[in-house]
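Listed here are the chains, written in short residue letters.
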Amino acid sequence: MSRLSRTGSRIATFAILGIAALAITAPFLWIFRGAFSGSDAELYRLPPTFEPGNLTTDNFGKVTEQVPYFRFFLNSIIVSTTITLAQLITCSTAAYAFARLHFKGKGVLFAVVIGSLMIPIQVTIVPLFLVMSKLGLTNTLWALILPGIFSAFGIFLLRQHFLALPMEIEEAAKLDGAGHLRTFARIILPLSGPSIATLGILCFTYWWNDLLLPLVMISDTEKQTLPVGLVLLAGRFSTGSLGTIAAGIAMAIVPVLIVFVLAQRYIVQSIASSGLKL
C-alpha cells in the first residue's frame, strides 16, 4: 500500500470515528444543555439547539423539591455496589472453576450458563416476582439485589481471561505447595485486574440504570432507585418540566460517567487480553 493510500485510509478512519463520536456525545450534550435551560420552549426546538441561551441552575433545585432524589440516589448506590461486589466474587470463582478445574459435567454446566444469556429478563420477571413474594422480600432492596448476584456474562468474560493466562504460572505455584484457593487468590486475581475492573464497571452501570426490576418489585416511593425516580419527575400525565427532567438525568449520569472515563483503559486491556481465546 502506497503512502498516499495509507494517508487516505487514515483520514477516512478518523472521519468515521469522528462522526460516530459526535452521534454518541450529542445526546449527552443536549441533556446537560437542557439541565441548565431556563425555558422548556428551547428544548422543544427542532432541530435541537446547543447554544448557551437563558441558563439557570434552578432546575437542579426543582429536582430535589419534587422527589426525594437523594434517597433514590442512596438506594441506587446500595443496590449497584452490593450487586457489583457480589458478582465479582461469584463470577471470578465460577470462572476459575470452568477455566482451570476438571470435574464431571463441566461442559454441560457451562453450556447451561451460556444458554441463560439468551433468556431475556422479561421472560423470568413473573416467576422471579412470585419467588420474592413467597420469601417476603418484595418491596425491599433485597428483591433487587438477590437476582443480580450471579451473572452468566461475567462468568464468560472472566473465564476467557483466565484461559489466556499461561498454565506454567499455576504449575509453578503447585510445585511450591499452593492449592487452588491460594493460587486463585495470590496469583490469578492479581493478574486479572483489567478484567475484574471491566466486569465491575459494566455491572455497576447496568444495575445503576435498571428500570424494570425496581418498577416491578418496589411499591414504596422511598425505596425506589434513581431510574424510577426520574420517571416520577415526568409527572403522572407526562406534564413535568423538561428542564427539571434533564437536570435529574444529568445528576444521575455524572457519577457513572466519571467512573467510566477514569477506568475505560481497563476495558480496552480486558478485551485485548481475553477476547481472542475460546
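The structure contained in this document is the topic of the report that follows. (Residues numbered from 1 in each chain as written. Predicted model: local features only at pLDDT ≥ 70, side-chain atom pairs only at ≥ 80, totals over all residues. Heavy atoms only, no water.)

As a further point, take unusual backbone geometry. Unusually for a residue other than glycine, Asn139 sits at a positive phi of about 65°. Here Asn139 is to be found in the loop between helix H6 (121–134) and helix H7 (142–145). Residue classification places Asn139 among the buried residues on the basis of a relative accessible area of 17%. (Helix = DSSP H or I, 4+ residues; strand = E, 2+ residues; numbered from the N terminus. Buried < 20%, exposed > 50% of the residue type's maximum accessible area, 1.4 Å probe, protein only.)

It is a probe the size of a water molecule, rolled over the atoms, that shows where empty space is left. Scanning all chains against the criterion turns up 1 cavity of 30 Å³ or more. Empty space within the largest cavity amounts to approximately 40 Å³. Taken together, Val79, Leu144, Trp207, Asp210, Pro214 and Thr225 make up the lining of the largest cavity. A breakdown of the residues in the lining of the largest cavity according to their chemical character gives 4 nonpolar, 1 polar and 1 charged. (1 Å grid on protein atoms, 1.4 Å probe; cavity = no way out; pocket = protein on both sides within 12 Å on 5 of 7 lines; lining within 4 Å. Points joined across faces, edges and corners; volume = space filled by probe spheres on them. Nonpolar A, V, L, I, M, F, W, Y, C, P; charged D, E, K, R; others polar.)

If you check which residues of helix H10 (residues 180–188) are buried, you get Thr183, Phe184 and Ile188. Buried residues along H10 cover an arc of 100° about the axis, so they all sit on one side. Counted as exposed and oriented over 90 degrees from the buried face of H10: Leu181 and Arg186. Tucked inside the fold, the buried residues of H10 contact helix H4 (69–100), helix H8 (152–164) and helix H9 (167–175). (Arc of directions from axis to C-beta. Contact = heavy atoms within 4.5 Å.)

Attention now moves to the side chain of Thr244. Position of Thr244 among the secondary structure elements: in helix H14 (residues 242–274). By relative accessible area, Thr244 is classed as buried at 1%. If sequence neighbours within four positions are ignored, Thr244 has contacts with Asn59, Lys62, Val63, Gln66 and Leu233.

Summed over all chains, the structure comprises 10 aromatic pairs. The interplanar angle of 45° and the centroid separation of 6.3 Å between the aromatic rings of Phe98 and Phe103 together place this pair among those described as tilted. Given a relative accessible area of 8%, Phe98 falls into the buried group. When the centroid spacing of 5.1 Å and the interplanar angle of 85° are considered together, the rings of Tyr206 and Trp207 count as edge-to-face. Residue classification places Trp207 among the buried positions, given a relative accessible area of 12%. Three or more aromatic residues joined by ring pairs make a cluster, and in this case those are Phe73, Phe204 and Trp208. Positioned above the aromatic ring of Phe110 is the side chain of Arg159, whose terminal nitrogen or guanidinium carbon lies 4.2 Å from the ring centre. (Phe/Tyr/Trp six-rings, centres within 6.5 Å; stacked < 30°, edge-to-face > 60°. Lys NZ or Arg CZ within 6 Å of the ring centre and 35° of its normal.)

Considered as a void within the structure, the largest pocket measures approximately 720 Å³ in volume. Looking at the largest pocket, it is lined by 20 residues, and the ones nearest its centre are Pro147, Phe150, Ser151, Ala152 and Trp207. Take the lining of the largest pocket: its biggest share by element is 5 residues, from helix H11 (residues 193–209). Along the lines of polarity and charge, the residues of the lining of the largest pocket split into 16 nonpolar, 4 polar and no charged. In this structure, the second largest pocket encloses a volume near 220 Å³. What lines the second largest pocket is Ile24, Thr25, Phe28, Thr205, Trp208, Asn209, Ala252, Ile253, Val256, Leu257 and Phe260. For the lining of the second largest pocket, the secondary structure elements donating two or more residues are helix H1 (3–35), H11 and H14.

Moving on, we get to the packing of H4 against H10. Running from N to C, H4 and H10 point in directions that differ by 115°, and their axes come no closer than 12 Å. At the point where H4 passes H10, the crossing takes the right-handed sense. Residues Ser92, Thr93 and Tyr96 of H4 form the contact with H10, whose participating residues are His180, Thr183, Phe184 and Ile188. Considering only residue class, the contact of H4 with H10 consists of 3 nonpolar, 4 polar and no charged. (Axes fitted to C-alpha atoms, helices over the stretch in contact; angles between N-to-C directions. Left-handed = near helix turned anticlockwise from the far one by under 90°.)

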